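One letter stands for each residue in the lines below.
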Protein chains: 4
Amino acid sequence: MSGSTYGNYFRITTWGESHGKALGVVIDGCPAGLHLEEQDIQSFLNRRRPGQSRYTTSRKEGDQAEILSGVFEGKTTGAPISILVRNEDQRSRDYGNLAVCYRPGHADYTFDQKYGFRDYRGGGRSSGRETLGRVAAGAIAAKILSAVGIRFCTYTASIGPVHIQEFHPEDIPQNPVFMPDNAAAAKAAAYLEDCIKKQDSSGGTIVCEITGVPAGLGDPVFEKLDANLAKAVMSIGAVKAVEIGDGIRAAASNGSANNDRFRNINGRITKMTNHAGGILGGISDGSPICLRASIKPTPSISRPQETVTQTGEETALTINGRHDPVIVPRAVVVVESMCALALTDALFSNMSATMDSVAAFYNK
Amino acid sequence: MSGSTYGNYFRITTWGESHGKALGVVIDGCPAGLHLEEQDIQSFLNRRRPGQSRYTTSRKEGDQAEILSGVFEGKTTGAPISILVRNEDQRSRDYGNLAVCYRPGHADYTFDQKYGFRDYRGGGRSSGRETLGRVAAGAIAAKILSAVGIRFCTYTASIGPVHIQEFHPEDIPQNPVFMPDNAAAAKAAAYLEDCIKKQDSSGGTIVCEITGVPAGLGDPVFEKLDANLAKAVMSIGAVKAVEIGDGIRAAASNGSANNDRFRNINGRITKMTNHAGGILGGISDGSPICLRASIKPTPSISRPQETVTQTGEETALTINGRHDPVIVPRAVVVVESMCALALTDALFSNMSATMDSVAAFYNK
Amino acid sequence: MSGSTYGNYFRITTWGESHGKALGVVIDGCPAGLHLEEQDIQSFLNRRRPGQSRYTTSRKEGDQAEILSGVFEGKTTGAPISILVRNEDQRSRDYGNLAVCYRPGHADYTFDQKYGFRDYRGGGRSSGRETLGRVAAGAIAAKILSAVGIRFCTYTASIGPVHIQEFHPEDIPQNPVFMPDNAAAAKAAAYLEDCIKKQDSSGGTIVCEITGVPAGLGDPVFEKLDANLAKAVMSIGAVKAVEIGDGIRAAASNGSANNDRFRNINGRITKMTNHAGGILGGISDGSPICLRASIKPTPSISRPQETVTQTGEETALTINGRHDPVIVPRAVVVVESMCALALTDALFSNMSATMDSVAAFYNK
Amino acid sequence: MSGSTYGNYFRITTWGESHGKALGVVIDGCPAGLHLEEQDIQSFLNRRRPGQSRYTTSRKEGDQAEILSGVFEGKTTGAPISILVRNEDQRSRDYGNLAVCYRPGHADYTFDQKYGFRDYRGGGRSSGRETLGRVAAGAIAAKILSAVGIRFCTYTASIGPVHIQEFHPEDIPQNPVFMPDNAAAAKAAAYLEDCIKKQDSSGGTIVCEITGVPAGLGDPVFEKLDANLAKAVMSIGAVKAVEIGDGIRAAASNGSANNDRFRNINGRITKMTNHAGGILGGISDGSPICLRASIKPTPSISRPQETVTQTGEETALTINGRHDPVIVPRAVVVVESMCALALTDALFSNMSATMDSVAAFYNK
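Residues numbered from 1 in each chain as written. Chains lettered and ligands numbered in written order. Predicted model: local features only at pLDDT ≥ 70, side-chain atom pairs only at ≥ 80, totals over all residues. Heavy atoms only, no water.

Novice: Just checking my understanding: could you explain the pattern of salt bridges for this structure?
Specialist: For side chains bearing opposite charge, pairing can occur when the charged atoms are close. Counted according to the given criterion, the structure contains 80 salt bridges over all chains. For Arg129 of chain B, the salt bridge is made with Asp63 of chain B, and the minimal N-O distance between the two is 3.1 Å. Separated by 66 residues along the polypeptide, Arg129 of chain B in the loop between helix 2 (108-115) and helix 3 (131-147) and Asp63 of chain B in the loop between helix 1 (38-47) and strand 4 (66-67) bring together distant segments of the chain. No difference in accessibility class separates Arg129 of chain B from Asp63 of chain B, as the two residues are buried. For Asp246 of chain B, the salt bridge is made with Arg249 of chain B, and the minimal N-O distance between the two is 3.8 Å. For Asp246 of chain B, a relative accessible area of 16% puts it in the buried group. Among the ionic contacts, a cluster of salt bridges with common partners joins Arg103, Asp108, Asp112 and Arg118 of chain A. (Salt bridge = Lys/Arg side-chain N within 4 Å of Asp/Glu carboxyl O. Helix = DSSP H or I, 4+ residues; strand = E, 2+ residues; numbered from the N terminus. Buried < 20%, exposed > 50% of the residue type's maximum accessible area, 1.4 Å probe, protein only.)

Written out as structure tokens, the structure is:
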């Protein structure tokens, strides 16, 4: 099966392993005439770059994106855009018992079960580095969406037990965990210090709010906008839950409280609340789309863990090297990218929803 | 766009509106040689039938499934299986202000925005009756999965504030809300009585546990098994959150607690816990798959609600007729069906994962 | 695998066997707001109805199409359109040695090889009756295309050795073989009489010319418009060759003769010839699209034929009953329908080809 | 739309323009455990390399394929295989009136119509160099097919008026036009000399014969094996016709002559002729698959041609530089590659055709 492609109209294919020669992505279905330069992509990639703080790995990953096709004289041509990022450090080294042990919380065991063997250097295809391609493509999707007025605000909402208490969007880039609340961010940092000291790691949550979405995106049945957002975000390695709008809180609510009533505000039909998270019946309703992703703790921890080898021998595994005590801050831009990809697909799909649209397009 | 098809290898297409002539589903890609009769489908449909208790609508829906193709002499032929359910009561009647008002929590407004007008009789395509086709197809998927030892246990885990406290699978069919805890079910019933009295409705949660899943189903990147389960379940109308394994609780956990360690138990590599919910790196690991869906309260409530008409006039809407005070019990089999569809697709996809499999199949 | 679906944006799924309860098609992705009634579909179905002449089977097939969903108050709603045609005569009868023999030129042998057994009543899924669903869907596609000025002229160009010599479109509906040349049609009729006398059958060719196609439909690489037309038409049972423009004659030509030169005719860029058949680099160029399909002779002939049974016994098979001595006339509307489906898909796909289009659609 | 991807189970995505930085292909869905090295790919690429004879362009194209992912320790891992070929000579140069003129027989005009502008350096995406990716992927597909006993014999059957008279497979690599008839090849060479002298070009035909194909590949309706082969081959730039088996000759034939009768030969059910070309009802029947492609003459000829500029000015265009007087010999491996891709997709798809297969796979 071919599971490395996402999207129908705006379609991306990622490739590459964490310790191979390079990683990349091919973006197909990008409309012609979009102004695009490598810097557009680089600015997104930089948001997931390691080594930005004490809470992200100190490995040096330059991650310079090179556009190899699909752009001519600064504009997309309609042809597929191929983006390449070379892996800088591929020295063959001794992977020791990593080559034969199954790391808890990782995909080592399932890869062996599915494929009969695996590329044991780093995480192979299930490494977080695979998201490089998603983010490079997400940068392009976000630029397309921006042209029709769609904007993203994505941030860390909690790390372990520390939740944001206030919402100051200007705080997001000011703290190393991308919280819209510098005070909560300071508490999160203290909590992460403690995790490091205990040779442990932490999970957290990410919220993505999307504004300026026109009503009408998404389809009524299997291609609901929320269903596609859920798949897009759940396909990110460490995500264990996706909520739309009130999410799990809706289950404990009543219809009278959960229904968003409509009003006419200055001649505009408007929902007075947004428990639905901007989507009704799978179709965007014009209010902000709100999505929340729950991220599991980094599985690579430095304290010894019980596990088994490929041949079933029980052993204690110690994972050396520096690993992020929390994935969440670097995953913020990945969540945003996946949402941008899902939305762009819906944006193009919707253009033939009515005969009036089709006739107007061709009879102009 | 064509959003009424689900699946790549085992592909279903549903059609029909709540108040049209009929509803149905076409199942394509079903292997030849499966014993199948209408009763297999009917027994699944009966699980979502209304009128089974005080907490589900008393509308009469016979919902007799007719198989029109794809089965010959009691066995599937490999051809598409078309299943039809006639709508029994299609008297044209006065829809009153439902034809012009936007019901809060429903898709009326977004359909008008997307398509320019809508079929205002019942919910049209976004009606819960659309799930008839999903359940009919799910019955077939479940029968295929059963042939390789995969079993489902799906139940209501909470209704409003009432959560199950114990797990007795034998209780599930014994109470009208399909909880594996008759005592909690009684409390849920009391809560629903209260909702009815208050002209209100309640949400709840559904859990689906799948056992006997072989390791190796699902793909590493965008076609992760959890991503496809999330899309499948989130595409059900009222679902607002999907969690895999520990779900949102993983966000507050630590790596040392959340990692499932491996042991060798009687010569078999085994996870000692299952925080991951049976999926690692998007691939099934052989332990039970656990998924939780959060369902919003029924949006149709009988108390008057503020809303607007198509032309923007503010009005108070009263929805007459009997509506389920809770969707959850009837949605249990829908969640199970969607999970079965996602798994069947992964089951077939996985068959060409290795050259050894391909060569063994053709060089036999 | 699921091979009963065609199209990505305008997607149809056919189902049903020749001797089952019914046949049908689900059309998904039809824009909302198209005026549609059963008569639109019936008029297409009538073009493939048997019993219209001595050269088509005298079986009675009423073939009344019923629209079950997707249309409300005379207009499509954007929901899937389900169309059903009941098979009228399903008496169980004695299929004699047809149940165990492999008819030459039919799919009996390959179905048994693939699926392990087969529905031996008529051709099952490989019967010509399967095309009912294609034609019903083609009627809708043609109506959509018509709204943007695209018109079809499809006709029989040869039957056996008899080729048309002149082109009078008004002749097409005037003769039983749908040739645009009544004189040639008379010769073809005489030839078919001879075939009937010899208990034999004949092949022939069909030409489809499509005018009013805007430049820009189709994509440069794998989704070339000609590639999709070729697949669409080759998927019709008896088609053995598909040619675009000059087709096989291009192979014997020279560049200087085969290149269509451009001129400016009254301010309009125009090709002075159309060897290319209206498609350059996979994209429509605004001139008429010309496609030719070669149809094999009806495999069911009444003279005895050597063959084998399922168990390998050699036998002489006599196929009783009346069969068309030529498939071509009834296949004319099938070829037109498949071309209409391929074009409609390309029509919708093209709407997001440029950022200007996308921005104009959403920023209006 | 995203037209650069081919295949469902074995899926390739090509990217790159003739005069960009590089071209490449991503192959997804390749089973794990296939022995693969760059030389496997290079040997296929060499068959389409220019400069091998007087009849192919003398441009230097080293075309060294680099595998960037998906292979570990000499074996495929199941992850996507990314293959890159750098364009060696990308000096910016003066494209003169090529930048503004529409070359007859090329896609310049249609690209401008579709995308609003174009990359005018070489053919961009519609260049023959795009086929590099197809051939690299085809090499892998052919290696997979070879593991189950499927073999290809692909050759030039005609160039202009010169057709092969005999069939000596050993001749194919011995002459520059890849004909299985050295005598015909000499005549073809003389004919091409004449074309060069006249500043003209020639078309021709390519035949692909595939042996060892197991019965059962392909599906009955839209995913017929012949339909997919037709699309695959028609998607190659210069192909104007695709024939299966007797192809256009079937149209002039009779059922009694065209039907392939079955016999029992030494206990094996065998077709005594192969007019059908190895496919019945869209499913392979175990006899050789025979396909013929008609290729148009190279549109780039050195004699002056009438055309127009983007702004509609009429002009005479002279295309400088050396161009192949015939595309056919270099297209032989492209046709073979596309057939291999279509077959590999059908090979994997077929593995879940019966419940017996599915149960045997998982219950082993």
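Novice: Any chance you could explain the interface of chain B and chain D here in plain terms?
Specialist: In many analyses, interface size is given as the accessible surface area lost on bringing the parts together. With 25 residues of chain B in contact, the opposing surface of chain D contributes 26 residues. Both sides together, the interface formed by chain B and chain D hides about 2,200 Å², and carbon and sulfur atoms give 70% of it. It is Met351, Met355 and Tyr362 of chain B that lose the most area in chain B upon contact with chain D, and together they represent 34% of the buried surface on that side. If you look at where chain B meets chain D, you find 0 salt bridges. Taken together, the connections running from chain B to chain D amount to 10 residue pairs in polar contact (both at pLDDT 80 or more). With 6 residues, helix 8 (residues 355-362) of chain B is the largest single contributor of residues to the side of chain B that touches chain D. Of the residues assigned to the side of chain B that touches chain D, the class counts are 19 nonpolar, 6 polar and no charged. (Contact = heavy atoms within 4.5 Å. Buried area = accessible area lost by both parts, 1.4 Å probe. Polar contact = N/O pair within 3.5 Å; in protein donor to acceptor, adjacent residues only side chain to side chain. Nonpolar A, V, L, I, M, F, W, Y, C, P; charged D, E, K, R; others polar.)

Novice: Just checking my understanding: could you explain helix 7 (residues 328-349) of chain C for this structure?
Specialist: Because each turn of an α-helix spans 3.6 residues, side chains separated by three or four positions end up pointing in the same direction. A rise of 1.5 Å per residue sets the reference length of helix 7 of chain C, with its 22 residues, at 32 Å; its end C-alpha atoms lie 31 Å apart and thus fit the reference within 8%. Taking burial as the measure, the 22 residues of helix 7 of chain C include 22 buried ones, the bulk of the element. (Expected span 1.5 Å × (residues − 1).)

Novice: Teacher, can you tell me more about the nonpolar core here?
Specialist: Note that soluble globular proteins tend to have their nonpolar side chains buried in a common cluster. Membership of the largest hydrophobic core comes to 364 residues, with the highest contact counts inside it found for Ile140 of chain A, Ile140 of chain B, Ile140 of chain C together with Ile140 of chain D. With near-sequence residues (within four places) excluded, Ile140 of chain D lies in contact with Phe10, Ile27, Cys30, Leu34, Leu36, Ile41, Ile81 and Ile83 of chain D. (Core = buried A, V, L, I, M, F, W, Y, C linked by side-chain atoms within 4.5 Å.)

Novice: Sorry, what's going on with the relation of the copies chain B and chain A here?
Specialist: Take chain B, turn it by 180 degrees, move it 0.0 Å along the axis, and it overlays chain A with an RMSD of 0.0 Å. Both chain copies can therefore be described as sitting about a two-fold axis. Considering only C-alpha atoms, the part of chain B nearest the rotation axis is Lys231 of chain B, at 2.4 Å. (Least-squares fit on C-alpha atoms with pLDDT ≥ 70 in both.)

Novice: How should the interface of chain B and chain A be read in this particular structure?
Specialist: With 104 residues of chain B in contact, the opposing surface of chain A contributes 105 residues. Overall, the association of chain B and chain A removes approximately 8,300 Å² of surface from exposure, summing both partners, and the carbon and sulfur fraction of that is 59%. Across the contact surface, chain B and chain A share 6 salt bridges. A salt bridge links Arg261 of chain A to Glu306 of chain B, with the nearest nitrogen and oxygen atoms 2.4 Å apart.

Novice: For this particular structure, what's the right way to read the sheet that holds strand 4 (residues 66-67) of chain D?
Specialist: The strands making up a sheet are joined through hydrogen bonds of the backbone, oriented either antiparallel or parallel. All names here are of chain D. In spatial order, the strands read 1-2-3-7-4; together these 5 strands make up an open sheet with antiparallel pairing. Two strands close off the open sheet at either side, each with one partner strand: strand 1 (5-6) and strand 4. As judged from the 2 bridges shared by strand 4 and strand 7 (residues 81-86), these two strands associate in the antiparallel manner. Following the sheet pairing, Glu66 is matched in strand 7 by Leu84. Sheet contacts for helix 3 (residues 131-147): strand 2 (11-16), strand 3 (22-28) and strand 7; angle to strand 3, the most-contacted strand, approximately 35 degrees. (Pairing = 2+ DSSP bridges. Axes fitted to C-alpha atoms, helices over the stretch in contact; angles between N-to-C directions.)

Novice: When you look at the packing of helix 5 (residues 225-234) of chain C against helix 7 of chain C in this model, what are you seeing that I'm missing?
Specialist: Between two packed helices, both the angle of their axes relative to each other and the distance between the axes serve to describe the pair. Residue and element names in this part refer to chain C. Running from N to C, helix 5 and helix 7 cross one another at 145 degrees; their axes reach a closest spacing of 9 Å. As for how helix 5 packs across helix 7, the hand of that crossing is right-handed. Counted together, Leu225, Asn228, Leu229, Ala232 and Val233 of helix 5 and Val335, Met338, Cys339, Ala342, Leu343 and Ala346 of helix 7 form the full contact between these two elements. For the contact of helix 5 with helix 7, the residue count by class is 10 nonpolar, 1 polar and no charged. (Left-handed = near helix turned anticlockwise from the far one by under 90°.)

Novice: When you look at the relation of the copies chain B and chain D in this model, what are you seeing that I'm missing?
Specialist: To go from the first copy of the chain to the second, apply a rotation about an axis and then a shift along the same axis. For the pair chain B and chain D, the best superposition has an RMSD of 0.0 Å and corresponds to a rotation of 180 degrees with a translation of 0.0 Å parallel to the axis. Both copies present the same face, since 100% of the interface residues in chain B are matched by interface residues at the equivalent positions in chain D.

Novice: Would you explain the packing of helix 3 (residues 131-147) of chain A against helix 7 (residues 328-349) of chain A in this entry?
Specialist: Residues and elements named next belong to chain A. Remark: helix 3 packs on helix 7, axes separated minimally by 8 Å, with the N-to-C direction vectors making an angle of 50 degrees. Between helix 3 and helix 7, the angle is such that the two are oblique. By crossing handedness, the relation of helix 3 to helix 7 is classed as left-handed. Every residue of helix 7 that contacts helix 3 at Thr131, Arg134, Val135, Ala137, Gly138, Ala141, Ala142, Ile144 and Leu145 is listed here: Val333, Val334, Ser337, Met338, Ala340, Leu341, Leu343, Thr344, Leu347 and Phe348. Here the residues of the contact of helix 3 with helix 7 sort into 14 nonpolar, 4 polar and 1 charged. (Parallel < 35°, antiparallel > 145°, perpendicular 65-115°, else oblique.)

Novice: What exactly am I supposed to notice about the sheet that holds strand 4 (residues 65-67) of chain A here?
Specialist: All names here are of chain A. Reading across from one edge, 1-2-3-7-4 is the order of the 5 strands in this open sheet, with antiparallel pairing throughout. The sheet terminates laterally at strand 1 (5-6) and strand 4, the two strands that pair on one side only. Bridge analysis of strand 3 (residues 22-28) against strand 7 (residues 81-86) gives 6 bridges, and the strand direction is antiparallel. Pairing of Gly24 across the sheet is with Leu84, part of strand 7.

Novice: Whenever I open this one, the packing of aromatic side chains confuses me. Can you help?
Specialist: The geometry of two aromatic rings is summed up by the distance between their centres and the angle between their planes. Under the definition given, this model contains 38 aromatic pairs over all chains. Arranged with centres 5.7 Å apart and planes meeting at 50 degrees, the rings of Phe222 of chain A and Tyr6 of chain B form a pair that is tilted. With Phe222 of chain A in the loop between strand 10 (204-211) and helix 5 (225-234) and Tyr6 of chain B in strand 1 (residues 5-6), this pair bridges two chains. The pair formed by Phe222 of chain A and Tyr6 of chain B is uniform in burial state, with each residue classed as buried. (Phe/Tyr/Trp six-rings, centres within 6.5 Å; stacked < 30°, edge-to-face > 60°.)

Novice: Help me understand the side chain of Asp171 of chain A in this model?
Specialist: Residue and element names in this part refer to chain A. Here Asp171 is to be found in the loop between strand 9 (162-163) and helix 4 (182-197). Buried Asp171, no salt bridge; nearest opposite-charge side chain is Lys187, N-O distance 12 Å. In terms of polar contacts, Asp171 uses its side chain to reach the backbone amide nitrogen of Asn182, at 2.9 Å. If we skip the residues at most four places from it in the chain, Asp171 touches Met179, Pro180, Asp181 and Asn182. (Lys, Arg positive; Asp, Glu negative; His and termini not counted.)

Novice: Whenever I open this one, the pairing of strand 12 (residues 262-265) of chain A confuses me. Can you help?
Specialist: Each regular strand shows side chains that alternate between the opposite faces of the sheet. Residues and elements named next belong to chain A. Here strand 12 runs beside strand 13 (residues 268-271); their pairing, made up of 4 bridges, is antiparallel. Counted as the bridge partner of Phe262 is Lys271 from strand 13. In textbook terms, the turn of a hairpin is the stretch between consecutive antiparallel strands, and for strand 12 and strand 13 this stretch comprises 2 residues, one of which, Asn266, has a positive phi near 55 degrees.

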